Structures are given as structure tokens and as C-alpha cells.
Amino acid sequence: MTQKICLDDSYAKECSAKITKVSEGKFVVLGKTIFYAHGGGQPSDTGKIICNNKEYKVVFAKQFGDEISHEVSEHGLKEGDKVKCVLDWEKRYKHMRMHTSAHILAAVINMEIGALITGNQLGEEESRMDFNVPEFDRELLKTFEHKANEAIQKGLEITIAYEEREKALQRSELFRLKDVLPKNIPVLRIVSIGALDVQADGGTHVHNTKEIGKLKITDFKNKGAENRRIYWKLD
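Within each chain, residues carry numbers counting from 1 in the order of the written sequence. With pLDDT at 70 or above as the cut-off, local features in this predicted model cover only qualifying residues; side-chain atom pairs require 80 or more to be listed or tallied, and sums for whole chains, interfaces and linings still use all residues. Calculation of side-chain values draws on the structure's entire complement of heavy atoms; hydrogens and water are dropped beforehand.

So, the state of the cysteines
Then, number 1: In plain terms, two cysteine sulfur atoms within 2.5 Å form what is called a disulfide here. Summed over all chains, the structure comprises zero disulfides.
Then, number 2: Sulfur of C15: no disulfide; nearest cysteine sulfur belongs to C85 and is 4.1 Å away.
Then, number 3: Not part of a disulfide, C51 finds its nearest cysteine sulfur in C85, a span of 11 Å.
Then, number 4: Relative accessibility thresholds used throughout: buried, under 20% of the residue-type maximum; exposed, over 50%; partly exposed, between the two (1.4 Å probe, protein chains only). Looking at C51, the relative accessible area reads 7%, which means it is buried.

Here it is, written out as C-alpha cells:
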């Protein structure tokens, strides 16, 4: 089992760890990690693992069961090695800001028109979300953008809590993804953005909404009969 440090401390940039498994010479499992594993629309972290003064680039991280596998750029690491993990912090912080902004934008859209998310993909420079709604218009988009930025500038604190699965599943407001229930895990991680939004979520977030900056909706597209895609960037 890999301890996922980023779930409780998204700002941890380094950690020491021990390698518990190596597969095919380049897939490395650690006892604990700062690297976020690709999933939920958030890209994998990258960075490096240092062992005996040699650096191995971490190019991808993925969760398999209760373990995180780190794909490194070359062979050489062995089971039992004690290593230092160093995050590509600039990339991670962009994802943190984007992820929190996605929650705010989704909360605003849900409050305004009741739409649920049907898909999403975070990026460093631009992100997108799909919603189950027959139609948007540009005036609605301006409203979404304005209200999202109002919430961002309030400086809302983001907090993390944990809740038993059965109790959490009784609260429909925790799940904003259409037709998707969380995987069969006994305890769910709950992310709250002030009083604006509370969601079951496994990604990384900033501490305060003012860290996001300003949100700008850049485009929207029709992706089906009742599916609309919004693109946005952060200034």
C-alpha cells in the first residue's frame, strides 16, 4: 500500500521513501509518495526520484489497487532502495489552481441551471468540462464567469475531511458527476470550498481561492444532443 501524501498536504514538494517493488525495471512502487497519480481528469504529476545521488525522471504516475506506480525514465532503481522524491512543483501548482477553479465553476453552473458534469480534463494552461444541458448562450457564459470570479475573490478556504462511504452516499450534493458513483472504498475524501461547494474528490487543491487568480471562459462547443463543453483559462 502506498501512502498518498498529497491527499492531506497538496503543498508537500519533497519526501523520503522506500521502494517496495520494481517492475520491468522502470515501474517503481513506493511506501509513500508526493506524486499525484493520473485520474479524475487531473493529469499525473512529474518530477524526479533521487537515489545515491543519481536522478531518475518520473514521467507518469498511476494507481493500481492501493499502490501508486511511478514510471521512471531509466532502469537502475531496486526494491529496498531509500530514495528522495522531488515534485515538479510549477506543474503541480497549476493543476491545483485549475482543479479548485473547476469546482467553483461547476458549483456556479449547477446553482444557475442545475447542470451536472459529464466529463472533464484539467490542463496546465487550459481546461475543459462537459455538462448535461441542452443549450448554453454567451450571456449565460458571462454570468458563469462573473459569478465564479466573485467567489474566487472572496478568499474562501479549502478544507479536507473524510466520511464513511455509506453516510456520504446519502448526501447527493457530494456527487456532481452525472451517472458516476465513487469506487468501492470504505471512506471518502470530502473537499469543501468555504460554504460554496462540498464534493467527494480525490485531487489536489489550493488552500485559498485567491490563489487561483482570475478565471476566463475561452470557448464552448456542442458535443451532443444534451452535452456542452466549456473551456477556460486562468490569469
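A short note on a nonpolar patch on the surface
Then, number 1: Surface patches are drawn from residues lacking salt bridges whose relative accessible area is over 30%; two like charges belong together within 9 Å, two nonpolar side chains (Val, Leu, Ile, Met, Phe, Trp, Tyr) within 5 Å. Where accessible areas are quoted, they stem from the Shrake-Rupley method and a 1.4 Å probe; at the residue level, only the protein chains shown are allowed to cover. In the sections that follow, a salt bridge refers to a side-chain nitrogen of Lys or Arg positioned within 4 Å of a carboxyl oxygen of Asp or Glu. On the surface, I160, Y162 and V187 cluster together into a nonpolar patch covering about 240 Å² of accessible area.
Then, number 2: On the accessibility criterion, V187 (36% relative accessible area) is partly exposed.

A few points about the environment of N208
Then, number 1: Helix and strand labels come from DSSP, where a helix needs a run of H or I of at least four residues and a strand needs a run of E of at least two; each type is numbered from the N terminus. For N208, the position within the fold is in the loop between β13 (197–200) and β14 (215–222).
Then, number 2: Measuring from C-alpha to C-alpha, the distance between N208 and A17 comes to 29 Å, with 191 residues separating the pair along the chain.
Then, number 3: The residues contacting N208, other than those within four sequence positions of it, are G155, L156, E157 and I158.
Then, number 4: Throughout this description, a polar contact denotes any pair of N or O atoms lying within 3.5 Å of each other; where both atoms belong to protein, one of them has to be capable of donating a hydrogen while the other can accept it, and for residues adjacent in sequence the pair is counted only when both atoms sit in side chains. Within the local environment of N208, its side chain forms a polar contact with the backbone oxygen of G155, the two atoms lying 3.0 Å apart.
Then, number 5: Among the polar contacts made by the side chain of N208, one reaches the main-chain amide nitrogen of K210 at a distance of 2.9 Å. In what follows, a contact means two residues having at least one pair of non-hydrogen atoms within 4.5 Å.

Some words on the sheet that holds strand β3 (residues 27–30)
Then, number 1: Here, a strand pair is defined by DSSP locating no fewer than two bridges between the strands. Taken in spatial order, the six strands close into a barrel running β2-β3-β7-β6-β5-β8, and their pairing is antiparallel. Strand-to-strand twist in this sheet, taken as the mean axis angle between neighbours without regard to direction, amounts to 45°.
Then, number 2: Sheet topology note: the strand β5 (residues 47–51)/strand β8 (residues 82–87) ladder contains four bridges and is antiparallel. Its bridge partner lying in β8, G47 is registered against L87. To obtain each axis, a line is fitted to C-alpha atoms, and for helices this fit is confined to the stretch in contact; angles are then taken between N-to-C directions over 0 to 180 degrees.

Remarks on the side chain of T2
Then, number 1: By the secondary structure assignment, T2 is in the segment before β1 (3–4).
Then, number 2: A distance of 3.0 Å separates a polar side-chain atom of T2 from the backbone oxygen of L30.
Then, number 3: The residues contacting T2, other than those within four sequence positions of it, are V29, L30, G31, K32, T33, D66, E67 and I68.

Some remarks on the sheet that holds strand β11 (residues 158–164)
Then, number 1: The strand order β11-β12-β13 describes an open sheet built from three strands, whose pairing is antiparallel. A strand with exactly one partner marks an edge of an open sheet, and here the two such strands are β11 and β13. Within the sheet, the average angular offset between the axes of one strand and its neighbour, ignoring direction, is 25°.
Then, number 2: Pairing geometry for β11 and strand β12 (residues 187–193), over seven bridges, is antiparallel. Looking at β12, one finds that A161 is bridged to I190.

Quick notes on the pairing of strand β2 (residues 14–23)
Regular strands place their side chains on alternate faces of the sheet.
Then, number 1: Relative to β8, β2 runs antiparallel, the two sharing five bridges. Considered in β8, the bridge of K18 is made with K82.
Then, number 2: Bridging between β2 and β3 involves four bridges; their strand directions are antiparallel. Across the sheet, residue V22 finds its bridge partner in β3, namely V28.
Then, number 3: Between the antiparallel neighbours β2 and β3 lie three residues, among them E24 with a positive phi of about 55°.

Notes on the nonpolar core
Then, number 1: By convention a nonpolar core is built from buried Ala, Val, Leu, Ile, Met, Phe, Trp, Tyr and Cys residues, the set being connected through side-chain atoms within 4.5 Å. Among the nonpolar cores identified, the biggest contains 33 residues, and L105, F131, F144, I230 and W232 are the most heavily contacted of them.
Then, number 2: Listed by contribution, the elements that provide at least two residues to this core are α1 (89–113), β10 (127–131), α2 (138–153), β12, β14 and β15 (228–234).
Then, number 3: Sequence-distant contacts of F144, defined by excluding residues within four places in its chain, comprise L105, V108, I109, E112, I113, F136, I217 and I230.
Then, number 4: The next biggest cluster of nonpolar side chains, apart from the first, holds 21 residues, and it includes F35, A37, I49 and C51.

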